[in-house]
Amino acid sequence: MEFDQNRAARPFDVTLLDLFRGARRAMRQWRARRETRQILSQLSDAQLRDIGLTRNDICRKS
């Protein structure tokens, strides 16, 4: 086997579009976590206890 046959065809082939998609995905995930934290923070302590969380867990698990 020759050296050229043993390497990846296109290593590190990242385009500007790939970077944009990654940034957009990260922004969506951040927004979803933020919305979840807001919703959970509006619940009472009893409601949080019912789902197995505490107030400290809301910030810590984000």
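Below is a short write-up of the structure. All of these numbers come straight from a predicted model, not from anything done at the bench.

### Quick notes on the overall build of the protein chain
Thought 1: Scanning the protein chain from terminus to terminus reveals three helices and zero strands.
Thought 2: Along the protein chain, helices and strands appear, N-terminal first, in the series α-α-α.
Thought 3: Counting all 62 residues of the protein chain, 8% fall into the buried class.
Thought 4: Carbon and sulfur atoms provide 53% of the accessible area of the protein chain, an area that totals close to 5900 Å².

### Side note on the pattern of salt bridges
Thought 1: Applying the stated criterion across every chain yields a total of one salt bridge.
Thought 2: The closest approach of N and O atoms between R55 and D45, which form a salt bridge, is 2.9 Å. On the criterion of sequence distance, the pair formed by R55 in helix α3 (residues 55-60) and D45 in helix α2 (residues 45-50) is long-range, its members being ten residues apart.
Thought 3: Note on D45: relative accessible area 46%, which makes it partly exposed.

How each quantity is defined
Residues numbered from 1 in each chain as written. Predicted model: local features only at pLDDT ≥ 70, side-chain atom pairs only at ≥ 80, totals over all residues. Heavy atoms only, no water. Helix = DSSP H or I, 4+ residues; strand = E, 2+ residues; numbered from the N terminus. Buried < 20%, exposed > 50% of the residue type's maximum accessible area, 1.4 Å probe, protein only. Areas by Shrake-Rupley, 256 points an atom, 1.4 Å probe, with all protein chains shown as cover. Salt bridge = Lys/Arg side-chain N within 4 Å of Asp/Glu carboxyl O.

Coordinates in, geometry out; function isn't part of it.
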